[in-house]
Amino acid sequence: MQSTKSPSIFTTQFWLLGLSSFLFSSSFNMLIPELPGYLTEMGGADYKGAIIGLFTLTAGLSRPFSGRLTDRIGRVPVMAFGSIVCFVCGFLYPIFTTVMPFLLLRLVHGFSTGFKPTGTSAYVADIVPASRRGEAMGVHGMCMGVGSAFGPAVGSMISEAFSLNALFYTSSLFAFLSIAILLNMKETLVKKERLSLDAFKITRRDIFEPDVFSPALVTFLCYFSYGAVSTVTPDFSEYLGLHNRGYYFMFFTIFSILVRLFAGKISDRHGRIPVTIVGCFILIIALVITGYANSAYVFFTGAAFFGVSMGILSPVLSAWTVDLSRDDNRGRSIATMFISLEAGIGLGAFLSAELFANQRGNLPLVFYCMAGFALAALIYSVLIYQFKKRRARII
């Protein structure tokens with residue numbers, strides 16, 4: 001009798017990829033809580049929004065190239081390039097100690113997330129069955145999430161116990177280890193091409209793949225909030241008397257990790273859009289609570305809800321994107337989703353910095369405004385869901 005048991009997704013390749021992603025995520029996330037204060041000491045307090053904004057700008061601009069290269073020369077080289085950028089930038093931060101060179105370095109650092117996650121998502125989609133895609137995205141996202149939680153908290157500890165330079169060099173070390181793991185991974189792209197100038201010729205579809213418009217739009221609207229959280233919660237933490245500016249990141253990431261373990265799996269069974277609707281609703285609650293926070297307890301409650309929402313949305317939106325893509329344009333489709341993600345984060349960072357204007361009284365306005373974007377994502381998702389239900393009845 002033939003076994004009906006589904007094949008395991010937890011292969012050696014899968015876990016090596018997860019470890020590499022953990023190290024990569026830790027590498028650049030450990031810097032986030034300390035960079036606003038570092039920039040302020042340089043005299044660049046008015047440029048706090050650029051810390052995240054410039055990073056995501058370059059990441060977004062590089063996505064068409066990373067998507068095209070992922071589909072042409074392979075997943076592993078694209079992932080390795082992203083980690084190499086992180087490795088180099090960690091050594092340059094102690095050298096670039098004035099405002100403009102620092103901002104230029106943030107621009108360059110953005111290439112890391114413009115390449116590594118694109119190749120990684122395509123690799124995951126290659127090695128897991130479609131029926132367990134959401135689950136795989138969730139578990140792999142957990143590895144990234146652990147890095148996102150571990151990095152900021154440990155980064156602040158290293159900065160306090162030693163120095164900022166020690167933090168920057170530790171960031172480089174983690175990126176180097178991420179690269180070392182990739183060297184042992186088997187390439188999954190079957191029809192590979194040699195690197196040539198033709199691989200860099202970007203077309204309109206490399207910038208935006210229409211097949212994945214819906215998940216890309218929801219991603220764009222939801223990730224405004226991530227840009228805001230990354231930009232203003234370090235200052236928010238200080239106003240509430242929290243000495244470690246990484247605690248908010250640690251709380252939301254821990255809850256995100258817990259939810260990722262089953263959110264993607266639920267979407268495999270019940271559909272991407274219904275689960276997306278739940279994620280958008282919880283995101284609105286998270287932003288309202290955080291904006292209202294007047295104590296550490298309420299602040300961390302908002303962080304927990306934010307983590308739950310991101311733990312739902314991240315793997316489900318990724319799986320929804322891959323569902324709508326074809327095998328020969330998987331990298332391009334994933335790149336489109338990430339372009340939307342980075343555009344949302346970048347615009348959210350700049351907008352939140354402008355609304356905040358280094359005034360504590362403006363913090364609720366920042367989060368209520370971000371909740372408005374999440375509400376737009378919720379309304380759009382509900383409309384899409386209703387449209388699909390009606391079409392299914394007609395058919």
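Residues numbered from 1 in each chain as written. Predicted model: local features only at pLDDT ≥ 70, side-chain atom pairs only at ≥ 80, totals over all residues. Heavy atoms only, no water.

If you look the protein chain up in an unreviewed UniProt entry, it shows as MFS transporter from Dyadobacter fanqingshengii.

**Points about the side chain of serine 121**
Heads up, the rule is: The way it works is that DSSP assigns letters per residue, a run of H or I at least four long becomes a helix, a run of E at least two long becomes a strand, and they are numbered from the N terminus. Partly exposed residues are those whose accessible area sits between 20% and 50% of the maximum for their type, while under 20% is buried and over 50% is exposed, using a 1.4 Å probe and protein chains only. Throughout, a residue-residue contact means that at least one pair of heavy atoms, one from each residue, lies within 4.5 Å.
Note that serine 121 resides in helix α5 (residues 99–127). Judged by its relative accessible area of 11%, serine 121 falls in the buried class. Residues in contact with serine 121, not counting those within four places in the same chain, are Met137, Ile334 and Phe338.

**Some details on the pattern of salt bridges**
Definition in use: Any Lys or Arg side-chain nitrogen located within 4 Å of an Asp or Glu carboxyl oxygen qualifies as a salt bridge.
One pass over the full model with this rule turns up 6 salt bridges. Salt-bridge contacts for arginine 63 lead to glutamate 342; the nearest nitrogen and oxygen are separated by 2.4 Å. On the criterion of sequence distance, the pair formed by arginine 63 in helix α3 (residues 48–72) and glutamate 342 in helix α14 (residues 330–356) is long-range, its members being 279 residues apart. With a closest N to O distance of 2.7 Å, aspartate 126 and arginine 75 form a salt bridge. One end of the pair, aspartate 126, is in helix α5; the other, arginine 75, is in helix α4 (residues 75–92), with 51 residues separating them in the sequence. A single salt-bridge network, built from bridges that share partners, covers Asp71, Arg75 and Asp126.

**Here we look at the state of the cysteines**
So the rule is basically this: Cysteine sulfur pairs qualify as disulfides if the two atoms are within 2.5 Å.
Across all of its chains, the model carries 0 disulfides by this definition. For the unlinked cysteine cysteine 89, the closest cysteine sulfur is that of cysteine 86, found at 6.9 Å. Residue cysteine 143 stays outside any disulfide, its sulfur separated by 17 Å from that of cysteine 86, the closest cysteine. By relative accessible area, which is 9% here, cysteine 143 ends up buried.

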